[in-house]
Amino acid sequence: MDELDVPLMQMHVAGLKQQIDTPREKLSVTLPELIKWIEETMPKDPFLNDDLLRNNPWVETSKCVLL
Amino acid sequence: MACQGLEQGETVATLKKETEALKTKLETERAKLQDVELNTLAEKIEPVGQLNIKTRRILKGHGNKVLCVDWCTDKRRMVSSSQDGKVIVWDAYTTNKEHAVTMPCTWVMACAYAPSGCAIAAGGLDNKLSVYPLSLDKNENLASKRKPVAMHTNYVSHCTFTLSDMQVLTSSGDGTCALWDVESAQLLQSFHSHTADVLSLDMGPAETSNTFVSGGCDMKAKLWDMRSGQNVQSFETHQSDVNCVKFYPSGDAFATGSDDATCRFYDLRADREVAVFSKDSVIFGANSVDFSQSGRLLFAGYNDYTVNVWDVLKGTRLNILYGHENRISSLRMAPDGTSFCTASWDNTLRVWA
């Protein structure tokens, strides 16, 4: 597809040049922030906290279930 | 004429060389920032405890493969679409069907619930996306209220409403994504860069709501600026079609599921792939992925009928969920994070919690 379409290829080249110039941050900065974000929101995550399970509307409170 | 052709040929060859050189330079720039690995940093974090996830509801009613599902913001309703053209709105708590409409085409691959809960959108092989307003009247003829909004030159693979009911984003087999105004059915912005069918898209969460990410058959995942139509970042690490893309809840990262049997995690600020979720025993393509509310868990639905639960930080698989009797086509976390729903080619939907 690329071979025939010169305008599309020119657009790709322009896009790549822009991407190279995009400011990016080091992983040693972004990853710890990501981990911190997860650790802060984990206590409220219904899948990770069994005690929240009691309030989970999908979980049956009785022993028998009719599917 | 002949020398014009030669000029064209030279331009193509020089452009190709330039593209390759720029791609190498981009990789070098990206590699400069790789000073730590995610799983090394995650070693000191507590492992996730035992997960007890089971099927809580089975929604039966579709007569054919269910291709797509979307939750309503009220956390109990959902809309699903199937191969035979039927779109059904369910109350998932009671498993009752609230509305049903038959589309004028088969393979309705895309469906979405409007943020207000008052409309749904669906599209597929008809190359269009139609919006249906919902009302409380159960006996209404939904099909007569159909409003065609989007028009592509190939099938519509995915759709989503933006922050309001007024605009929809679509991705299509014609290789483009597009933003449409629902009221006037006008094309507001078109996004060109993929060189093959675009299979999936996802809008950023509220904080990054003018960007969206898309994935396609050209094995690339791309980040777009909705206002300018520019492809801001592009990631090409998958080895086969990217079936699904999903933003991370914080908006700084996204995950992809692909036919190469891996799911990958990309950091947008560092502009690179930071994790690959794969196992030698996982050989079937992943069709749909979604994160848990905190982003610690990644749920992925595969062609081998299972859902794999991955620990995003440590890169390990925590659980395999069995239940469906055919491939999983779509997987969506509920808006409040209490459950997730899977849609499958076995004609059913399952809600897990």
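Tell me about the confidence of the model for chain B, residues and numbers included.
Looking at chain B as a whole, its pLDDT mean stands at 91, while 96% of the residues score no less than 70. The ipTM, which scores confidence in the relative placement of chains, is 0.84 for this predicted complex, and the corresponding pTM is 0.92.

Please provide a residue-by-residue account of the layout of surface pockets, values included.
If you add up the space inside the second largest pocket, you get close to 730 Å³. Along the wall of the second largest pocket there are 33 residues; nearest its centre are Leu16 of chain A together with Lys23, Lys220, Lys222 and Ser234 of chain B. Its residues assigned to classes, the lining of the second largest pocket comprises six nonpolar, 14 polar and 13 charged.

Would you mind going over the pairing of strand β19 (residues 253-258) of chain B in detail, with residue names and values included?
Residues and elements named next belong to chain B. Most of β19 sits out of view: six of its six residues are buried. Side chains Ala253, Ala255 and Gly257 of β19 all project onto a buried face; the interleaved residues Phe254, Thr256 and Ser258 project onto the opposite face, where all are buried too. The pairing of strand β18 (residues 242-247) with β19 spans five bridges and is antiparallel. Looking across to β19, one finds that lysine 246 is bridged to alanine 255. Between β18 and β19, which follow one another and run antiparallel, lie five residues, and glycine 251 among them has a positive phi close to 90°. Where β19 and strand β20 (residues 263-267) come together, five bridges link them in antiparallel fashion. By the bridge assignment for β20, phenylalanine 254 is matched with tyrosine 266. Count of turn residues in the β19/β20 antiparallel hairpin: four residues, of which alanine 261 carries a positive phi of about 70°.

Tell me what's going on with the pairing of strand β3 (residues 77-82) of chain B, and back it up with residues and numbers.
Two faces, one strand: in a regular strand the side chains alternate between the faces of the sheet. All names here are of chain B. Most of β3 sits inside the fold, with five of its six residues counted as buried. Pairing geometry for strand β2 (residues 66-71) and β3, over five bridges, is antiparallel. Paired with tryptophan 71 across the bridge in β3 is methionine 78. Counted along the chain from β2 to the antiparallel partner β3, the turn is five residues long, and its residue lysine 75 has a positive phi close to 65°. Both β3 and strand β4 (residues 86-91) contribute to a ladder of five bridges, which runs antiparallel.

Could you give an account of the sheet that holds β18 of chain B, naming the residues involved and the relevant values?
Strands in a sheet are paired, the pairing made by backbone hydrogen bonds, and the direction either parallel or antiparallel. Spatially, β18-β19-β20-β21 (chain B) is the arrangement adopted by the four strands of the open sheet, whose pairing is antiparallel. The open sheet has two edge strands with one neighbour each: β18 and β21 (272-277) of chain B. The average angle at which neighbouring strand axes cross in this sheet is 25°, direction not considered. Strand contacts of helix α2 (residues 27-41) of chain A: β19, β20 and β21 of chain B, with the helix running at about 115° to β20 of chain B, the strand carrying the most contacts.

I'd love a proper account of the interface of chain A and chain B, names of residues and values included.
Contact residues are listed per partner, giving 43 residues for chain A and 66 residues for chain B. A buried area of about 5,100 Å², summed over both sides, lies between chain A and chain B, and 68% of it is on carbon and sulfur atoms. Interface area lost by chain A to chain B is led by Arg24, Phe47 and Trp58 of chain A, which between them contribute 19%. Taken together, the connections running from chain A to chain B amount to four salt bridges. One salt bridge in this structure joins glutamate 25 of chain A and arginine 269 of chain B, with 2.8 Å as the shortest N-O distance. For the interface between chain A and chain B, the tally reads 14 residue pairs in polar contact (both at pLDDT 80 or more). Sorting the residues of the side of chain A that touches chain B by element identifies α1 (6-21) and α2 of chain A as the ones contributing at least two each. Here the side of chain A that touches chain B takes 13 residues from α2 of chain A, the largest share from any one element. Residues of the side of chain A that touches chain B, tallied by class, amount to 23 nonpolar, nine polar and 11 charged.

Kindly report on the pattern of salt bridges, identifying the contributing residues and their values.
Residue and element names in this part refer to chain B. Across all of its chains, the model carries 17 salt bridges over all chains by this definition. In this structure, glutamate 98 engages arginine 77 in a salt bridge whose closest nitrogen and oxygen atoms are separated by 2.7 Å. Of this pair, glutamate 98 sits in strand β5 (residues 96-102) while arginine 77 sits in strand β3, and the two are 21 residues apart along the sequence. Accessibility expressed as a relative area gives 17% for glutamate 98, which makes it buried. We classify arginine 77 as partly exposed; its relative accessible area is 24%. For aspartate 260, the salt bridge is made with arginine 264, and the minimal N-O distance between the two is 3.6 Å. Note on aspartate 260: relative accessible area 18%, which makes it buried.

Before we move on, can you summarise unusual backbone geometry with the specific residues and values?
Residues and elements named next belong to chain B. A positive phi angle is found at tryptophan 107, which is not glycine, with a value near 50°. Here tryptophan 107 lies in the loop between β5 and β6 (110-113). Residue classification places tryptophan 107 among the partly exposed residues on the basis of a relative accessible area of 27%. Not every positive phi belongs to a glycine, and alanine 261 is a case in point at roughly 70°. Position of alanine 261 among the secondary structure elements: in the loop between β19 and β20. We classify alanine 261 as buried; its relative accessible area is 6%.

Here is what the cut-offs are and how they apply
Residues numbered from 1 in each chain as written. Chains lettered and ligands numbered in written order. Predicted model: local features only at pLDDT ≥ 70, side-chain atom pairs only at ≥ 80, totals over all residues. Heavy atoms only, no water. pLDDT = per-residue confidence, 0-100. 1 Å grid on protein atoms, 1.4 Å probe; cavity = no way out; pocket = protein on both sides within 12 Å on 5 of 7 lines; lining within 4 Å. Points joined across faces, edges and corners; volume = space filled by probe spheres on them. Nonpolar A, V, L, I, M, F, W, Y, C, P; charged D, E, K, R; others polar. Buried < 20%, exposed > 50% of the residue type's maximum accessible area, 1.4 Å probe, protein only. Helix = DSSP H or I, 4+ residues; strand = E, 2+ residues; numbered from the N terminus. Pairing = 2+ DSSP bridges. Axes fitted to C-alpha atoms, helices over the stretch in contact; angles between N-to-C directions. Contact = heavy atoms within 4.5 Å. Buried area = accessible area lost by both parts, 1.4 Å probe. Salt bridge = Lys/Arg side-chain N within 4 Å of Asp/Glu carboxyl O. Polar contact = N/O pair within 3.5 Å; in protein donor to acceptor, adjacent residues only side chain to side chain.

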